[in-house]
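Listed here are the chains, written in short residue letters.
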Amino acid sequence: MTFHLHLLMSISLLFTTAQKRPACTFQEFFEMNSLYKKGDIILGGIFEISVKIIPPDFSFRAKPEQWKCDGFDVSIFQRAQAMVFAIEEINRNETLLPNITLGYRLYDNCQKMPTALRAATALFAGESEAMEASDCYGSPPVLAIVGDPASTHSIAISRIVGLFRMPMVSYYATCSCLSNKLEFPSFFRTVPSDTFQIKAMIRILKHYKWTWVGALASDDDYGQNAVKLLIEEVKTFGCISFSETIPKLVTKSKVLQIVDKIKQSTAKVIVVLSSRVDFTPVVMELVRQNITGRQWIASEAWATSMALATKEVFACLGGTIGVAIRRGEIPGFQNFLLQVHPEVNPNKRLLIQFWETMFGCKFQEIIQGQNVSVDHPICTGYENISSTKTGYSDVSQLRTSYNIYKAVYALAHALHNMISCESGKGPFENHSCANSTIVQPWQLFHYLKKVNFSNHLRERIMFDENGDPPAIYDIMSWQMDEHGEVRVKTVGLFDESAGAGNDLMLKEDEIFWKFGMVPESVCSKSCQPGTRKATRKGEPVCCFDCVPCDDGEINSEIDSIVCLKCPEDFWSNLDKTQCVAKAIEFLSYGDPMGITLTTVSLFGVCLSICVLVVFIIYRNTPVVKANNSELSFLLLVSLTFCFLCALCFIGQPTDLTCILRHIVFGISFVLCVSCILVKTIVVIVAFKATLPGNNMMKWFGVSQQRGTIFLFTLIQSIICIIWLSTAPPSPVKNTKYQNEKIIFECDNGSIVGFSSVLGYIGLLACTCFAIAFLARNLPDTFNEAKFITFSMLLFCAVWISFIPAYISSPGKYTVAVEIFAILASSFGVLFAIFSPKCFIILLKPELNNKKSLMGKLASK
């Protein structure tokens, strides 16, 4: 507290009027590694470049020396260069901050809090040992600070600079506590808060429907706060199978306990919220016990750690999905890194240290200044950086450097908006604008809060009310390349600003799955629509059984606990997910059976017409004349109608088709059978007429034949008229026989009417058969009775078999049986009666003469 008060008293001298004193004097001057360039406006930066520090002697027998940094890391120096590159790029931009040159002053905090505080103090208080009174006016030494990367350092520094509303934009401090604007009002960052990391993980879990999850967390604020939030979020859609804490002081027994828990759990997905260092002992034990078959979800603290992504642990951690800080591309940055040349200048100490460390040499001026002899070679300043292979020139994984790049551009855009202010329309008192010559940090702070733009990658750069950026993470996949090397590949993106449902974007085909496919991690699979949940007694709510809905019941929701009964005219579909109108079944023209029957029916029609044509053409030949050509023509016409009537039975039943099918069927068949009956009588009469003294033909001549056919057909017509007038056939939907179907059929209306039609046809057929049977022994020339007998035998056999088949056939097959009977009987008559005649007419024309016919008679 004393240190802070003393520091604040010193700082206040720079931000108050200095008219009463001729000069401002500093209590202490800090010698630190820095990188400086003059400009109209200066931006400060704090970086962790040196990994070691040598503390002074604090015995206080003499004034303690300053902290000394050691272990310069050339890879991390890339981050400082990212800020330099961004500023140089902005200075070359003619549209952004025109006529203003940005400068920079960067410091190395050596990863220690005292050095970080000294760097911050030097930035906002200045470095000169003494300042004139005029120097205490105008803008402060820097308008804003980019850094510090450590959350602990940022907390301490932000408490101080926040008093003056000096903007501080961190590129790596992720502690969610820094989002508290009451404590850290001027703190901003270009790296998402730890809170959003959990949201990204939750989205991944939900995306792959992983509802049964294990969790490991380090024993610190980072791990414990994160796992607490993780458990709360997972409970909204799943369950935590286990949650274990990885201690800071690792013991063998604790590691074994954690590994045993992992082995015993049925959870296949495990989220690890820990640093690489804390998680490493657990990984080594997993490798030793060869525990595989787990899908790991890595936090950003180890998601891109190449120390863990090795061949030795790939069997256990291969396929890990990690959440990492967004990687970006900075065009021209690699060339900039390779074109750096040193300059021996106190303001370029960081660059000098970088060069000496990179090439293992020392500059002559430095050796002379230190007045010491060294064994290192002398640096020329012209060594070739391109010949070196270090993390410094590797721009394939620009994550932290990219955040620094964005931080500089955010400040530049805020400055640009500030100097673009129109007089009288400003945001400050009396609508005034900031004076570009004496810009104050609090003025820049006002504009920085409202900065909003898209960079070259079309990424939105802005800050919310807590100073946090849009949460954007890269989704990483641990996989092995074709050379057998483990690499961490970017396979997706989490962007919270894209909105719910669009925030997670994954390249599914580029993700490596250790199992060969997306693993499942559920205690019980979700009950899909068509089933209902039945909980298991004594087990977590995520563990249950799925029971299929009964027939006629449905469930259209996932994990529903009840099934709903369908209305009477509806039935559940196969999946039991919705009630659908019961399937309407009838013999259609598109049905395979309908197509077959239609084809056969049309073939019968064509065949009948062809025979009719043949008979018409050869109507004057003895064969046609001897068989009563007029009756033959009428019989062929009736057969044609018999074949055609079968088509009335195919297709969706309507009032018209239901009436037509029975009327056409009844009259056509009566006409057909009547013709055959008359034909049979004519054969018998004709034979009797050849006997001496017999004159029967005059009693059964052409007029009598026509009248007989007309009479038989009229009787059938009267039966049909009575049937249609009393109870006509009509289409009905039959739901009695099958639960899941509605049979669309023609109701006969009157069983008596239907039976009368069939009975009358049967009566005529039986009469015809009896008469023909009696005449079967007549001479061959006139013996058409044999063919009629055979045809009627087929006719009766078909229709007698039809009765039981018709009664027992369900649905559309009832109609099919009736059509089959019609076609079979029609073809039987056609072939039995007309095939012998067509054989003689077409194939044996030499027999188609009167002499041949009379010859046969004489032989008898």
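Placed above this text is the structure.
Cut-offs applied
Residues numbered from 1 in each chain as written. Predicted model: local features only at pLDDT ≥ 70, side-chain atom pairs only at ≥ 80, totals over all residues. Heavy atoms only, no water. Helix = DSSP H or I, 4+ residues; strand = E, 2+ residues; numbered from the N terminus. Buried < 20%, exposed > 50% of the residue type's maximum accessible area, 1.4 Å probe, protein only. Contact = heavy atoms within 4.5 Å. Areas by Shrake-Rupley, 256 points an atom, 1.4 Å probe, with all protein chains shown as cover. Salt bridge = Lys/Arg side-chain N within 4 Å of Asp/Glu carboxyl O. Phe/Tyr/Trp six-rings, centres within 6.5 Å; stacked < 30°, edge-to-face > 60°. Lys NZ or Arg CZ within 6 Å of the ring centre and 35° of its normal. Disulfide = S-S within 2.5 Å. Expected span 1.5 Å × (residues − 1). Bend = angle between axes of the 7 residues up to and from the residue. Core = buried A, V, L, I, M, F, W, Y, C linked by side-chain atoms within 4.5 Å. Pairing = 2+ DSSP bridges. Axes fitted to C-alpha atoms, helices over the stretch in contact; angles between N-to-C directions. 1 Å grid on protein atoms, 1.4 Å probe; cavity = no way out; pocket = protein on both sides within 12 Å on 5 of 7 lines; lining within 4 Å. Points joined across faces, edges and corners; volume = space filled by probe spheres on them. Nonpolar A, V, L, I, M, F, W, Y, C, P; charged D, E, K, R; others polar.

Draft legend 1. Main features of the overall build of the chain. Counting its secondary structure elements, the chain contains 23 helices and 29 strands. With 860 residues in all, the chain has 49% of them scored as buried. Pairs at least 24 apart in sequence give 69% of the contacts found in the chain among residues at least 6 apart. Here the chain displays about 41,200 Å² of accessible surface, and carbon together with sulfur accounts for 57% of that area.

Draft legend 2. Focus on the pattern of salt bridges. For the coordinates displayed, the defined rule picks out 22 salt bridges. A salt bridge links Arg-159 to Glu-183, with the shortest nitrogen-to-oxygen separation between them at 3.1 Å. Linking Arg-159 in helix H4 (residues 151–161) with Glu-183 in the loop between strand E9 (168–170) and strand E10 (187–189), this pair joins segments that are 24 residues apart in sequence. Take Glu-183: its relative accessible area is 38%, and that puts it in the partly exposed class. With a shortest N-O distance of 3.0 Å, Asp-551 and Lys-576 are connected by a salt bridge. Of this pair, Asp-551 sits in the loop between strand E22 (544–548) and strand E23 (553–554) while Lys-576 is found in the loop between strand E25 (570–572) and strand E26 (579–581), placing the two residues 25 residues apart along the sequence.

Draft legend 3. Geometry of the environment of Phe-712. Relative to the elements of secondary structure, Phe-712 occurs in helix H19 (residues 702–726). Sequence-wise, Phe-712 and Val-670 are 42 residues apart; in three dimensions their C-alpha atoms are separated by 7.1 Å. Every residue in contact with Phe-712, bar those within four places of it in the chain, is listed here: Val-670, Ser-674, Leu-677, Tyr-760 and Leu-764.

Draft legend 4. Summary view of the packing of aromatic side chains. A full pass over the atoms with the stated rule returns 30 aromatic pairs. Arranged with centres 4.9 Å apart and planes meeting at 25°, the rings of Phe-77 and Phe-354 form a pair that is stacked. In this pair, Phe-77 is assigned in helix H2 (residues 74–92) and Phe-354 in helix H11 (residues 349–359), connecting sequence segments 277 residues apart. Per residue, the accessibility class of Phe-77 equals that of Phe-354, and both read buried. Considering the side-chain rings of Trp-302 and Trp-478, the 5.5 Å spacing of their centres and the 80° angle between planes classify their relative orientation as edge-to-face. Of the two residues, Trp-302 is situated in the loop between strand E14 (295–298) and helix H9 (311–317) and Trp-478 in strand E18 (residues 472–480); the sequence distance between them amounts to 176 residues. For Trp-478, a relative accessible area of 1% corresponds to the buried category. In textbook terms, an aromatic cluster arises when at least three aromatic residues are bridged by ring pairs, as seen for Phe-72, Phe-77, Phe-354, Trp-355, Phe-359 and Tyr-392. The ring of Phe-188 has Lys-181 sitting right over it, with the charged end atom 5.7 Å from the ring centre.

Draft legend 5. Up close: the state of the cysteines. Under the defined criterion, the tally for this structure stands at 10 disulfides. One disulfide in the model links Cys-361 with Cys-379; its S-S distance is 1.8 Å. Handedness of the Cys-361-Cys-379 disulfide follows from its S-S torsion of about 105°: it is right-handed. Within this pair, whereas Cys-361 is found in the loop between H11 and helix H12 (364–370), its partner Cys-379 is found in the loop between H12 and helix H13 (400–419), the two being separated by 18 residues in sequence. Judged by its relative accessible area of 3%, Cys-361 falls in the buried class. Since its relative accessible area comes to 7%, Cys-379 is described here as buried. Here Cys-523 pairs with Cys-543 through a disulfide, and the sulfurs are 1.8 Å apart. Residues Cys-523 and Cys-543 are joined by a disulfide whose S-S torsion is about 105°; by sign, that bridge is right-handed. Highlighted residues: Cys-523 in the loop between strand E20 (504–506) and strand E21 (531–535) and Cys-543 in the loop between E21 and E22, separated in sequence by 20 residues. Cys-543 sits in the buried class, given a relative accessible area of 3%.

Draft legend 6. The environment of Ile-715, seen in detail. Considering the arrangement of structural elements, one finds Ile-715 in helix H19. Taking the C-alpha atoms as reference points, Ile-715 and Tyr-760, separated by 45 residues in sequence, lie 8.9 Å from one another.

Draft legend 7. Main features of H2. Taking 1.5 Å as the rise per residue, H2 with 19 residues should run 27 Å; its terminal C-alpha atoms sit 27 Å apart, in good agreement. Maximal helix bending in H2 amounts to about 25°, located at Ala-80. Taken across its 19 residues, H2 has 15 buried, putting it largely inside the fold.

Draft legend 8. View of the nonpolar core. The biggest cluster of nonpolar side chains holds 69 residues, and the ones touching the most others in it are Phe-77, Met-83, Phe-354 and Leu-448. When residues of this core are traced back to their parent elements, those giving at least two are strand E3 (41–47), H2, strand E6 (102–108), strand E8 (144–146), helix H10 (333–338), H11, H13 and helix H14 (441–449). Among the elements that line this core, the one with the most residues is H13, at 12 residues. Apart from the residues lying within four places of it in its own chain, the contact partners of Phe-354 are Phe-72, Val-74, Phe-77, Ile-385 and Tyr-392. Phe-615, Val-673, Tyr-760 and Leu-830 belong to the second largest nonpolar core, which has 65 residues in total.

Draft legend 9. Local environment of the sheet that holds strand E28 (residues 730–734). Strand order in the open sheet formed by 3 strands is E27-E29-E28, and the pairing between neighbours is mixed. Each edge of the sheet is formed by a strand with only one pairing partner; in this case those strands are strand E27 (583–585) and E28. For this sheet, the mean angle separating the axes of adjacent strands, direction not counted, is 30°. Note: E28 against strand E29 (residues 741–747), 5 bridges, orientation antiparallel. Counterpart to Val-732 in the pairing with E29 is Glu-745.

Draft legend 10. Representation of the sheet that holds strand E2 (residues 34–37) in the model. Read from one edge to the other, the open sheet built from 6 strands follows the order E2-E6-E3-E8-E9-E10, with strand pairing classed as mixed. Unpaired on one side and paired on the other, E2 and E10 mark the two borders of the sheet. Averaged over all pairs of adjacent strands, the angle between strand axes in this sheet comes to 20°, irrespective of strand direction. Across 3 bridges, E9 lies against E10 in parallel orientation. Bridging from a neighbouring strand, Val-169 pairs with Phe-188 of E10. Across the sheet, H2 is in contact with E2, E3, E6 and E8; its angle to E6 comes to roughly 175°.

Draft legend 11. Just the pairing of E6, in detail. Counting buried residues in E6 gives 7 out of 7 residues, a clear majority hidden from the surface. Residues Leu-102, Tyr-104, Leu-106 and Asp-108 line one face of E6 and the alternating positions Gly-103, Arg-105 and Tyr-107 line the opposite face, and both faces are buried. In this structure, E3 lies alongside E6, joined through 7 bridges in parallel fashion. Pairing of Gly-45 across the sheet is with Leu-106, part of E6.

Draft legend 12. A look at the side chain of Thr-814. Mapped onto the elements, Thr-814 comes out in helix H22 (residues 812–843). The class of Thr-814 is buried, set by a relative accessible area of 14%. For Thr-814, the contacting residues outside a window of four places in its chain are Tyr-806 and Ser-809.

Draft legend 13. Quick peek at empty space enclosed by the protein. Scanning the model with the defined rule gives 2 cavities of 30 Å³ or more in all. Looking at the largest cavity, it is lined by 14 residues, and the ones nearest its centre are Thr-190, Lys-406, Glu-459, Pro-469 and Pro-470. The set of elements that each furnish at least two residues to the lining of the largest cavity consists of H13 and strand E17 (460–462). Here the lining of the largest cavity takes 3 residues from E17, the largest share from any one element. Considering only residue class, the lining of the largest cavity consists of 8 nonpolar, 2 polar and 4 charged.

Draft legend 14. Region of interest: the layout of surface pockets. Its volume calculated, the largest pocket comes out at about 1,500 Å³. Going through the elements one at a time, H2, H4, helix H5 (194–207), helix H6 (221–234), helix H8 (276–288), strand E15 (321–325) and H13 are the ones with two or more residues in the lining of the largest pocket. Residue contributions to the lining of the largest pocket peak at 5 residues, all from H6. In the lining of the largest pocket, the residues fall into 20 nonpolar, 18 polar and 11 charged.

Nothing here speaks to function; it is geometry throughout.
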